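Residues per chain, in single letters:
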Amino acid sequence: MKSQLSVVGHRARRVDGVKLATGRGTFTDDIHIRGLLHAKLLKSPHAHARIISIDTSEAEALPGVRAVITHENVPRIPYTSAGQSWPEPSPYDMYVLDRKVRFIGDAVAAVAAETPEIAERATQLIRVEYEPLPAVLDFHDAMNDGAPLIHDETESYGIYDPAHNVAAHIDVEHGDVARGLAEADIVVENEFFVQYQQHTCLEPHVTIALFDEDRRLVLRTSTQIPYHCRRMIAFALEIPVKDVHVIKPRVGGGFGNKQEVVTEPISAVLAMRTGRPVKLEYTRLEEFTIARNRHPQHIRLSTGIRRDGTILANSLNVLTNTGPYGTHALTVTGNTGTKPLPLYRSPNVKFYADIVYTNLPIAGAFRGYGAPQGFFAMEVQMDEVAEAAGMDPLEFRKLNHIRQGDTDLMSAAAGEGAGKKARVIHSSGLPECIERGAAAIGWHEKRGKPGDGPIKRGVGMAILMQGSGVAGDELAAATIRMNEDASFNLHVGSADIGTGSDTTLCQIAAEVLGVSIEDIVIRSGNTDDITFDYGAYASSTAYITGTCVLKAAEDARNQIVNQAARMLQEDPEGLLVHEGAVRSLSGKSVTLQEIALECLYGEDKTVVIGKGTHATKESPPPFVAMFVEVEVDTETGQVRPVEVVSAVDVGKALNPDICEGQVEGAVAQGLGYALTEEIQVGPDGQVLNPSFMDYKIFCAADMPRLTTILVEAEEPTGPFGAKSVAEIAINGPAPAVSNAIYDAVGIRLHSLPMTAEKVLAALEEKQQS
C-alpha cells in the first residue's frame, strides 16, 4: 500500500513547523488586547475549612482594582471541571467559588485589576475568617467511619457515596475469580503504590475572557476541549451556549491537564463584572499546587495460573485518591482496570475500585488516563507470575496475550466505555512487536547477565494496549472547501495541542484529493466554525477526526469528479484524481484549477464543499512491546536507563515522524514517572516541591538511547488503516524499568518513583534476608 500513497505514510513536514520554530506561532497570551485586566486568586491556607466571613472592602478600595468576586456574589451552580461528553460521568461537585475550601490552594476570591501587581496586592487585603475543619490527609482513611466529610453540601450531585467520601465506585466480574484462584496451581498476590505526577506543560493554564461587539462571551484559552468548554461554561454561568465563543490558539502542551475548565470560569465572571477583557494565567507555583495531577493509587493484584503458565484468574482491587473534587474520578480509574486486564486471556476476571475524596491536591486527566497505574502493577505482576511458573517473561506473555479476533469484554464493563459494545480485536501487530523489540534490545543475549563490579545491567519488558477514542462516545465533524487555485480550506473541530494532528489531518485530505499537503489550509479548534469535535483526548484525533476528514475529502472529491465528467464528457466511474488533475482511462485530463474555476464562475455555478461526520462504537487498541536496559549502581542505588526499545503497532503510520515523536515523548514522561517525578505533600496537605528545582523531570541529558519500531497491522475501521499512538507508550517505562532492575540486582520494586533510596533499602533488605 505504501507505493500507492503519495502523501499519507510519508514524513511530511509539520504544517505549523516553521511558524513555531521561528516564534510566530500564536499562543493564548501572544496578543495585545486594549484595556486588558489581570486576575489573581486568593487561595486557602487550610486543607479544609468553612468561610465564616469575607471582607473585601480594602481590596476594592485599592486604586486600579476593578472587581473582586467571592462565593457571595457569583452563581452557586454545581458543575464538573472534567471535559467529557454530556452527561459527564464525573460528579458535579465544584463551584466557581464556594463557601467551603477543600485543599490548600482552593480559590477563596478573585481580583481583576489594571496590573498583575495590583491584583496580587488586592488579594492580600481581603480579610477572611475561617473555621478550620478536620481533614482527610491519607486516602486510606477517607472511607473510615467518622472521617471528615469533604462534600457535605446538598447541592452537589453525581457523588457515589458522599457520607463515606466515595466519589465513584466500580465492581465488575467476568466468570468466577474466587473459583479460578482456588483451582490455580500457583497464586501470586502483590500490592503496588503509585504517586501524584504533574504534567509540567511549558505553557501554564491561561484564559483571556472578553465580550465581543455582539455581547457574546469570547474565551481565548489554552484548552484541549473547546466545544466541551463552551457547553460547560454556559452551564456553570447560566448563559446560552450560542453566547459563548471559544478560541483555541496554539497550545503549549496539554497531556490531559487542559481536558478541564480551570481558568475559564473565574476569568469569564470577572469579564462579566467589569465589561473588560480579563486574563487569568497560572504561575508555575500554581501549576504545581492548584492545577491537576495524575491520580495516586494503591493497587492489589491477585493472579492464578496453571503449572503450564496458562492464566486462570486475575483480580484487581484499586483505591484511588481523587483529591477534593471528583474530576475524571470514575473514568480514569476505569482505565486502570479496563486497559491492562483484557491484555491477558483469562476466563475469570474481577475489577473492584473505590475512588475517594481527600483534602490533598486535585487529581485529573493525564496522558495514559489511568492506564500507566494499571500497567505498572500488571506488567510487574506478570514478570513475577512468569518466574513462579519457571518461564521466560517473554514466552509467558506470548502464551497468554490477547489475539486478533478475541473479544475484550472488560472494555464495555467500566470506565468511559461502560455500557457500550464490547470491542472485538480486528487487528493486532503485538506478536511482531514482541519479536522485533526483543531482537532490537538483545533480549536473549543480555537477560540474566548483570556483569561484574558495583554497576549491574539488566533488561526488562512490558506489553501494552490502549484505545483509539472512547468507544460509542465520540463524535466529530469536518468540512473542506475548494478554492479557485485548487487549494482547499479544511475546517475541523479538533484541537492540535502540539501533537501534530493538524499536519496528519492535512495529509489525509491531500491524499484523497490528489494534491500536495501545501494545498491544504487547516483551521481547527474554533467553536464558531461549522464543525464539532469532543476534543483532543483519549487518543482520538487521528482515528475519529481523521475519519471525518477522510469522509469530507471523499465527498469533495466526488463533486470534483462529477464536474470533471461533465467537462470531459466521460463516465465518472472511470476518472482518477491525482497530482492536481482528473484523468480518464482514455487519456483526457482537466486540472483541478480548471474545475474550480468552472464550478465557481461557469454556467452551472456551485461551491465544492465536502462534509464529513463520524461516530463509532469501535475503539481499536494499538499495541506496544517495550524493552528497557538499565544500569543499577549497587553502591548508590542510582538507576540509569541505557536504552528503550518501543515496538509499536500503530495500524498505519499516517506520518512516521509524528508517530515516532509521540512515542518518544511519551517514553520521556514515562521514565520520569518511573524514576524521579512525585508531587510530595506534607502532613498538613501542603505541596512541598512546587518548582522545577525540587520536582525532577527527565531532560535531554537524562534520556537513554531510543529505538522506535513502527509496526503496521492495518486497522480496517481506521482512516487508511490507522489507530492511535499518542498515549500508549507512556504506560511502559515504569514496569519495564522495574523488571529490568530485578534482572540486574534481584529486587522487586512495587512503589513509584523507583528512587535511589528505595533501591538501596531493597538491596539492604535482600542482603539481610
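Residues numbered from 1 in each chain as written. Predicted model: local features only at pLDDT ≥ 70, side-chain atom pairs only at ≥ 80, totals over all residues. Heavy atoms only, no water.

Peer 1: Can you help me understand the domain arrangement of the protein chain in this one?
Peer 2: Interface size is commonly expressed as the accessible surface area that is lost when the partners come together. In terms of domains, the protein chain is made up of domain 1 (2-26 + 475-614), domain 2 (37-133 + 202-253 + 258-290), domain 3 (136-199 + 292-415) and domain 4 (429-466 + 621-769). Each of domain 1 and domain 4 has a C-alpha centre, and these two points are 38 Å apart. On the side of domain 4, 18 residues touch domain 1, which itself brings 24 residues to the contact. Area buried by domain 1 at its contact with domain 4 is led by Arg11, Ser539 and Tyr543, which between them contribute 36% of it. (Domains from an automatic or database assignment. Contact = heavy atoms within 4.5 Å. Buried area = accessible area lost by both parts, 1.4 Å probe.)

Peer 1: I keep staring at the packing of aromatic side chains and nothing clicks. Help me out?
Peer 2: If you walk through the whole model with that rule in mind, you get eight aromatic pairs. When the centroid spacing of 5.7 Å and the interplanar angle of 75 degrees are considered together, the rings of Trp443 and Phe627 count as edge-to-face. Of this pair, Trp443 sits in helix α12 (residues 443-446) while Phe627 sits in strand β26 (residues 623-633), and the two are 184 residues apart along the sequence. Here Phe532 and Tyr534 contribute two aromatic rings whose centre-to-centre distance is 5.8 Å and whose plane-to-plane angle is 80 degrees, an arrangement assigned as edge-to-face. Site record: aromatic cluster; members linked through ring pairs are Tyr92, Tyr157 and Phe235. Lying over the aromatic face of Tyr95, Arg76 brings its terminal NZ or CZ to 4.1 Å of the ring centre. Here the guanidinium or amino end of Arg294 rests over the ring plane of Phe366, the centre of that ring lying 4.0 Å away. (Phe/Tyr/Trp six-rings, centres within 6.5 Å; stacked < 30°, edge-to-face > 60°. Helix = DSSP H or I, 4+ residues; strand = E, 2+ residues; numbered from the N terminus. Lys NZ or Arg CZ within 6 Å of the ring centre and 35° of its normal.)

Peer 1: Which parts of the structure should I look at to understand the packing of helix α9 (residues 371-388) against helix α10 (residues 393-400)?
Peer 2: Between two packed helices, the angle of one axis relative to the other and the distance separating the axes together describe the packing. With their axes 9 Å apart at the nearest point, α9 and α10 run at an angle of 105 degrees to one another. The pairing of α9 with α10 is recorded here as roughly perpendicular in orientation. When α9 is examined against α10, the residues Glu379, Met382, Asp383, Val385 and Ala386 are found in contact with a partner set consisting of Pro393, Phe396 and Arg397. Residue composition of the contact of α9 with α10, grouped by class: five nonpolar, no polar and three charged. (Axes fitted to C-alpha atoms, helices over the stretch in contact; angles between N-to-C directions. Parallel < 35°, antiparallel > 145°, perpendicular 65-115°, else oblique. Nonpolar A, V, L, I, M, F, W, Y, C, P; charged D, E, K, R; others polar.)

Peer 1: Would you mind going over the pairing of strand β20 (residues 488-492) with me for this structure?
Peer 2: The two faces of a sheet get side chains in turn, since along a regular strand they alternate between them. Summarising burial for β20: five of the five residues are buried, a large majority. A two-sided burial pattern is seen for β20, the buried positions comprising Phe488, Leu490 and Val492 on one face and Asn489 and His491 on the other. Summarising the sheet, strand β19 (residues 476-482) and β20 pair through five bridges and their orientation is antiparallel. Paired with Ala478 across the strands is Val492, a residue of β20. Between β19 and β20, which pair antiparallel one after the other, the connecting turn spans five residues, and Ala486 there sits at a positive phi close to 70 degrees. Sheet analysis places β20 next to strand β21 (residues 520-524), joined by five bridges and oriented parallel. Bridge pairing in β21 places Val492 opposite Ser524. Considered for its hand, the β-α-β crossover made up of β20, helix α13 (residues 501-513) and β21 is right-handed. (Buried < 20%, exposed > 50% of the residue type's maximum accessible area, 1.4 Å probe, protein only. Pairing = 2+ DSSP bridges. Right-handed = clockwise from strand over helix to strand, strands pointing away.)

Peer 1: Looking at this model, I keep getting lost on helix α16 (residues 656-675). Mind explaining?
Peer 2: Since there are 3.6 residues in each turn of an α-helix, residues three or four apart along the chain are aligned in direction. Taking 1.5 Å per residue as the helical rise, α16 with its 20 residues ought to reach 28 Å, and the 28 Å between its terminal C-alpha atoms agrees with that figure. Within α16, 16 of the 20 residues are buried, leaving the element largely enclosed by the surrounding structure. Where α16 starts, the residue carrying a side-chain oxygen 3.0 Å from the main-chain nitrogen of Asp657 turns out to be Asn655. (Expected span 1.5 Å × (residues − 1). Polar contact = N/O pair within 3.5 Å; in protein donor to acceptor, adjacent residues only side chain to side chain.)

Peer 1: What is the right way to read the sheet that holds strand β8 (residues 186-194) from this model?
Peer 2: To summarise the sheet geometry, strands pair through backbone hydrogen bonds and adopt either a parallel or an antiparallel arrangement. Ordered by their spatial adjacency, five strands build an open sheet running β7-β15-β14-β13-β8, and the pairing between neighbours is mixed. Of all strands in the sheet, those with a lone pairing partner are β7 (166-174) and β8, marking the two edges. Within this sheet the neighbouring strands show an average axis-to-axis angle of 5 degrees, counted without direction. Both strand β13 (residues 297-305) and strand β14 (residues 311-323) contribute to a ladder of nine bridges, which runs antiparallel. Bridged to Ile305 within β14 is Ile311. Of the strands in this sheet, β7, β13, β14 and β15 (348-357) touch helix α8 (residues 329-338), which is tilted by about 150 degrees from β15.

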